[in-house]
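What the coordinates show
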Amino acid sequence: MDLFDSLKDKIGGQDKTIVFPEGQDPRILGAAIRLAKDGLVKPIILGHEADIEKTAADNNLDASGVLLIDPETYPEDKKKDMLDALTERRAGKNTREQLADWLKDVNYFGTMLVYMDQADGMVSGAVHPTGDTVRPALQIIKTKPGVKRISGAFVMQKGDERYVFADCAINIELDAAGMAEVAIESAHTAKVFDIDPKVAMLSFSTKGSAKGDMVTKVQEATKLANEQAPDLALDGELQFDAAFVPTVGAAKAPGSKVAGHANVFVFPELQSGNIGYKIAQRFGGFEAIGPILQGLNKPVSDLSRGCNEEDVYKVAIITAAQSVK
Ligand SMILES: CC(C)(COP(=O)(O)OP(=O)(O)OC[C@H]1O[C@@H](n2cnc3c(N)ncnc32)[C@H](O)[C@@H]1OP(=O)(O)O)[C@@H](O)C(=O)NCCC(=O)NCCS
Ligand SMILES: CC(=O)OP(=O)(O)O
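The protein has the name Phosphate acetyltransferase in an unreviewed UniProt entry, where Furfurilactobacillus milii is given as its organism. The Catalytic activity (unreviewed entry) field of the UniProt record for the protein holds the comment "acetyl-CoA + phosphate = acetyl phosphate + CoA". UniProt annotates the protein under Pathway (unreviewed entry) with the comment "Metabolic intermediate biosynthesis; acetyl-CoA biosynthesis; acetyl-CoA from acetate: step 2/2."

Observations concerning the overall build of the protein
Within the protein one finds 13 helices and eleven strands. Its C-alpha radius of gyration of 21 Å places the protein within 12% of the 20 Å reference for a compact globule of 325 residues. If you line up the protein on its principal axes, its C-alpha atoms span 65 × 45 × 30 Å. Out of the 325 residues belonging to the protein, those deemed buried represent 53%. Sequence-distant contacts in the protein: of pairs separated by 6 or more residues, those separated by 24 or more amount to 70%. If you sum the accessible surface of the protein, you get close to 14700 Å²; carbon and sulfur atoms cover 51% of it. Taking the 37 positively charged and 47 negatively charged side chains of the protein as two groups, their mean positions are separated by 4 Å.

Looking at the site of ligand 1
Around ligand 1, 19 residues are found, and the nearest of them are Arg90, Arg135, Lys142, Ile150 and Ala169. In the environment of ligand 1, an oxygen atom lies 2.8 Å from a nitrogen or oxygen atom belonging to the side chain of Arg90. For the shell around ligand 1, the secondary-structure elements that each account for two or more residues are helix H7 (130–141) and helix H12 (270–282). Counting residues per element, the shell around ligand 1 draws most heavily on H7, which supplies six residues.

A few points about the site of ligand 2
The immediate surroundings of ligand 2 are formed by Thr130, Phe154, Asn274, Tyr277, Lys278, Pro291, Leu303, Ser304 and Arg305. One of the side-chain N or O atoms of Asn274 is found 3.0 Å from an oxygen atom in ligand 2. A distance of 2.8 Å separates an oxygen atom of ligand 2 from a polar atom in the backbone of Arg305. Starting from 270 Å² of accessible surface for ligand 2 in isolation, the protein chains cover 87%. Sort the elements by how many residues they give to the shell around ligand 2 and H12 lands first, with three residues. Class assignment for the residues of the shell around ligand 2 results in four nonpolar, three polar and two charged.

About the criteria used
- Residues numbered from 1 in each chain as written.
- Chains lettered and ligands numbered in written order.
- Predicted model: local features only at pLDDT ≥ 70, side-chain atom pairs only at ≥ 80, totals over all residues.
- Heavy atoms only, no water.
- UniProt positions renumbered as here; feature names shortened; annotations may be inferred.
- Helix = DSSP H or I, 4+ residues; strand = E, 2+ residues; numbered from the N terminus.
- Rg over C-alpha atoms; globule rule 2.2 N^0.38 Å.
- Buried < 20%, exposed > 50% of the residue type's maximum accessible area, 1.4 Å probe, protein only.
- Contact = heavy atoms within 4.5 Å.
- Areas by Shrake-Rupley, 256 points an atom, 1.4 Å probe, with all protein chains shown as cover.
- Lys, Arg positive; Asp, Glu negative; His and termini not counted.
- Charge placed at Lys NZ, Arg CZ, Asp CG, Glu CD.
- Near = heavy atom within 4 Å.
- Polar contact = N/O pair within 3.5 Å; in protein donor to acceptor, adjacent residues only side chain to side chain.
- Nonpolar A, V, L, I, M, F, W, Y, C, P; charged D, E, K, R; others polar.

Here it is in structure tokens:
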């Protein structure tokens, strides 16, 4: 079954509510209208009514099926409830005045709707950079029990080929423990997308072919991840060709249960992860679905600012599926 057909089956009839803070963007509005029309999610669009109407008119869209909330004209009693909940959540960290300012930002407002169970998930980032999109979730929604850090994975898809790349979005620099955690979370993500995970811990070295602190970090991360998830097929350190090409894997890492057959690729830091997924997308012709935030307590999804309406539609389906218990 096609990946999105099975996700659509999962969310069908569940009436999941997804908040879209960037309602004035035509890609967002177009996707939200389609999602409502297809009966997949109940979208909440944030923005000023006049701006949304203009976007709709300029792009021949009929926005009558989506719920619009203008944070500026949100009823005073509901604004107070939201500020009270945020003040309690950020106790000891921020003043009430600072937090009132935060709520003027649509990403904080949308995140609070999710935190307060008034929406099941949020999709943003078509206009805002990743940091501004995810920071509210890191500060308010926080990580699931047992998870220390949130990371961002992409499902890379072309025809029958499907892979997971991580971390491509969040952690600028990972230590060995961080890389091990991202690897284990990425294996969970792979399973959600019907991929039987074989995890490669990527480096510019294969099995000691090069030396240095960067290589040592990946070797330590591999050891930690293998200790923490002994049943997971995971190996490192591997160069990308050794991880992916069977003949190269056999030559460079003989006997490895992963080399040459990896389908989950864990990058050692964000430079290589973000560059790597964009090369596969733009040179390799892979569809890049994500970034899918791993480890959050409730689903909030970032978009690339280079996304199109179809990407928004798909990320919203994934976000709604993540909220199904
Ligand atoms: C995600 C990012 C914005 C967080 O940076 P930041 O806002 O400076 O974060 P801070 O260190 O000030 O932490 C803010 C809060 O988030 C939490 N946090 C930061 N990174 C986290 C992570 N990976 N997992 C969980 N929580 C995290 C902190 O604990 C802190 O919580 P607190 O306020 O309750 O104490 C930053 O790591 C970043 O810019 N990453 C790169 C994003 C990017 O541009 N990617 C490329 C395009 S996709
Ligand atoms: C994921 C990503 O790279 O996002 P953006 O293109 O918005 O920076």
